[in-house]
Amino acid sequence: NFDIHDPDLRDLQDFLGRTKGKLYRYKSPTAPGQRAGLNYGPMAQDLQKSKIGKTVVVEGKDGLYVDTGRLALADHAALAELAREVEAIKNRSTK
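Residues numbered from 1 in each chain as written. Predicted model: local features only at pLDDT ≥ 70, side-chain atom pairs only at ≥ 80, totals over all residues. Heavy atoms only, no water.

Draft legend 1. Examining the packing of aromatic side chains more closely. Counting across every chain of the model gives 1 aromatic pair. Summarising the aromatic geometry, the rings of tyrosine 24 and tyrosine 26 are spaced 5.4 Å apart at their centres and angled 90° between planes, so their arrangement reads as edge-to-face. Assessed through its relative accessible area of 28%, tyrosine 26 is described here as partly exposed. (Phe/Tyr/Trp six-rings, centres within 6.5 Å; stacked < 30°, edge-to-face > 60°. Buried < 20%, exposed > 50% of the residue type's maximum accessible area, 1.4 Å probe, protein only.)

Draft legend 2. Just the pattern of salt bridges, in detail. Going through the model one piece at a time under the given rule, you end up with 8 salt bridges. Salt-bridge contacts for arginine 10 lead to aspartate 8; the nearest nitrogen and oxygen are separated by 2.9 Å. Linking glutamate 81 and arginine 84 is a salt bridge whose minimum nitrogen-to-oxygen distance equals 2.9 Å. With a gap of 3 residues between them, glutamate 81 and arginine 84 both fall in helix H3 (residues 68–93), about one helical turn apart. Taken together, the shared-partner salt bridges connect Lys22, Asp46 and Lys49 into one network. (Salt bridge = Lys/Arg side-chain N within 4 Å of Asp/Glu carboxyl O. Helix = DSSP H or I, 4+ residues; strand = E, 2+ residues; numbered from the N terminus.)

Draft legend 3. Inspection of the layout of surface pockets at higher detail. Roughly 780 Å³ of internal volume is contained in the largest pocket. Tyr26, Gln34, Leu64, Tyr65 and Val66 are, among the 24 residues lining the largest pocket, the residues nearest its centre. Where the lining of the largest pocket is concerned, the elements lending two or more residues are strand E2 (39–41), helix H2 (44–47), strand E4 (63–66) and H3. If one sorts the elements of the lining of the largest pocket by residue count, E4 sits on top with 4 residues. Of the residues contributing to the lining of the largest pocket, the split by class is 12 nonpolar, 8 polar and 4 charged. When its volume is computed, the second largest pocket comes out at roughly 360 Å³. If you trace the second largest pocket, you find 18 residues lining it, with Pro7, Ile52, Thr55, Ala74 and Ala77 closest to the centre. Mapped onto the lining of the second largest pocket, the elements with two or more residues apiece are helix H1 (9–18) and H3. (1 Å grid on protein atoms, 1.4 Å probe; cavity = no way out; pocket = protein on both sides within 12 Å on 5 of 7 lines; lining within 4 Å. Points joined across faces, edges and corners; volume = space filled by probe spheres on them. Nonpolar A, V, L, I, M, F, W, Y, C, P; charged D, E, K, R; others polar.)

Honestly, that's just the spatial picture; any functional story needs more than this.
Encoded structure:
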């Protein structure tokens, strides 16, 4: 069971606009869920600064990490909402 809440557009902008992809290397590349070499993506510390981003960050025994499954769901939902907003703006401008 869960409660459903529609996010405010500002929450979506904060979630998508606050974070940037960064290049990084894991300190322990052989640990589960990590890999050797250069990686690219948002940092858990940056994501957790937004209301929506907090829902995709998990604290593990070695620190914070991004639950990529949750991130994919959050990204999709945010992009879908922004697409609806763009469509509404386009419809207003053609009237």
